[in-house]
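# Survey of secondary and tertiary structure
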Amino acid sequence: MDSFTFTVQTGPVAVFFHKTITIPVLPRSGGIYVADENTLPLLQKAKNFDSSMPLVVLAPGEEEKQLSSVERILEAALNAGLARDSVFVGFGGGVVTDMTAFAASLYMRGAGLCLVPTTLLAMADAAVGGKTGVDFGNFKNCVGTFYPAQEIHISVDALRTLPQAEFMSGLAEVVKTAMLYAPKLYQILWEKKESILSRDGDLLLEIVKRCVQAKAHVVERDLKETGERMFLNLGHTFAHALETVAGLGTISHGEAVAWGIARALELGKRAGITDLDWAKEATGLIASYGYSIAPVHPVLAGRNEAETPQLLLNAMKNDKKKKGGVVRFVLQREINSTLVTPVPDAEVLAVLA
Ligand code: GLY
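Owing to the predicted nature of the structure, the values given are computational and were not obtained by experimental measurement.

### Description of the site of the ligand
- The immediate surroundings of the ligand are formed by Asp125, Lys131, Lys215, Glu225, Arg229 and Leu232.
- One of the side-chain nitrogen or oxygen atoms of Asp125 is found 2.8 Å away from a nitrogen atom of the ligand.
- Between an oxygen atom of the ligand and a side-chain N or O atom of Arg229, the distance comes to 2.8 Å.
- With the chains in place, 90% of the 190 Å² that the ligand exposes on its own is no longer accessible.
- Looking at the shell around the ligand, its residues break down into 1 nonpolar, no polar and 5 charged.

### What about the layout of surface pockets?
- Computed from the structure, the second largest pocket encloses a volume of approximately 270 Å³.
- For the lining of the second largest pocket, the element with the highest residue contribution is helix H8 (residues 201-221), accounting for 5 residues.
- Split by residue class, the lining of the second largest pocket holds 6 nonpolar, 2 polar and 7 charged.

### Some remarks on the pairing of strand S4 (residues 55-58)
- Of the two faces of S4, only one is covered, namely that formed by Val56 and Leu58; the face formed by Leu55 and Val57 stays uncovered.
- Of the strand pairs in this sheet, strand S3 (residues 31-36) and S4 are connected by 4 bridges, and their pairing is parallel. For Val34, the partnering residue across the bridge sits in S4 and is Val56.
- Chirality of the crossover, the property in question, places the unit of S3, helix H1 (residues 40-45) and S4 among those that are right-handed.

### Let's talk about the pattern of salt bridges
- A full pass over the atoms with the stated rule returns 12 salt bridges.
- Close ionic contact of Arg221 with Glu228 constitutes a salt bridge, the shortest N to O distance being 2.7 Å.
- For Glu228, a relative accessible area of 22% gives the class partly exposed.
- Across the pair Lys269 and Glu266 runs a salt bridge, and its minimum N-O distance is 3.4 Å. Placement of both Lys269 and Glu266 in helix H10 (residues 253-270) is noted, with a separation of 3 residues, approximately one turn of the helix.
- Residues joined by salt bridges that share partners form a network here, namely Asp125, Glu173, Lys176 and Lys215.

Parameters at a glance
Residues numbered from 1 in each chain as written. Predicted model: local features only at pLDDT ≥ 70, side-chain atom pairs only at ≥ 80, totals over all residues. Heavy atoms only, no water. Near = heavy atom within 4 Å. Polar contact = N/O pair within 3.5 Å; in protein donor to acceptor, adjacent residues only side chain to side chain. Areas by Shrake-Rupley, 256 points an atom, 1.4 Å probe, with all protein chains shown as cover. Nonpolar A, V, L, I, M, F, W, Y, C, P; charged D, E, K, R; others polar. 1 Å grid on protein atoms, 1.4 Å probe; cavity = no way out; pocket = protein on both sides within 12 Å on 5 of 7 lines; lining within 4 Å. Points joined across faces, edges and corners; volume = space filled by probe spheres on them. Helix = DSSP H or I, 4+ residues; strand = E, 2+ residues; numbered from the N terminus. Buried < 20%, exposed > 50% of the residue type's maximum accessible area, 1.4 Å probe, protein only. Pairing = 2+ DSSP bridges. Right-handed = clockwise from strand over helix to strand, strands pointing away. Salt bridge = Lys/Arg side-chain N within 4 Å of Asp/Glu carboxyl O.

Below, the structure is given as structure tokens:
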């Protein structure tokens, strides 16, 4: 087992990398496990699983990312008599880890929290950095808190059985992290594509470690996203709009993010910000992994094409990251060089048609 610790505003976060799937030993004050129907069998086989502890099993999928699911977790914790020093263990993908963390942040004004991400997306991004929440009013992650886990337990062994669509969803966040902060990771993504796609365990471990470390450095400096953490939303303004317009759960988050990054590169080109060679190369990497880079994402095919750019723009204007009513975009000059800026509506509409 390998581990490292980083420190955010709320305290230290210990990250453990295990060979086999391992969950924390619960304290004397007890705890609660949260899984979904897909991750439950893995949880029951995980090292340190204690079948006498309360367990909430949610239905899988983005549709469940609602306040009612968080309420179920809180009710179960209360019924089990848990205290503030009890530990909530979120075992699953980003939906489960975000909601478990949200519940932990609310319970008795903040209970113990350990996350055990089982998808590539949650390992590389969602479980690290303390963002919690649920979808609300058809907007993704619109209601939530910042509440970092005290411990994160990762085993890439969980990725062996991950459905292909979910694996590819997570890989998009890996591409994002590489473009933002990690030239070496970016190089690995180009050079070792076959081994990555065949889920070579050592390589996945290296990739996940590089992502966690890159993100840890960012959230150490900017937990509450007042500055550079905003860069982690590269592609996300487009992606969230696509997910909203397509209908939450219709397209995977990562697929939407990959498309959104390609749109952001195009927008950056139009705004005279993004280096043309960088845009071409990074878009090439995204396409080489099979993600759509088309101005109109295929998930919207068959809809009124004349209307879709405006629908997407409307969704962006409701994005929680807009400031003073203005949508701001994360754009890149080149690898490892990023900025956040408003862009005129006409330019945004132009890259969506
Ligand atoms: N997923 C973006 C962030 O954690 O800030």
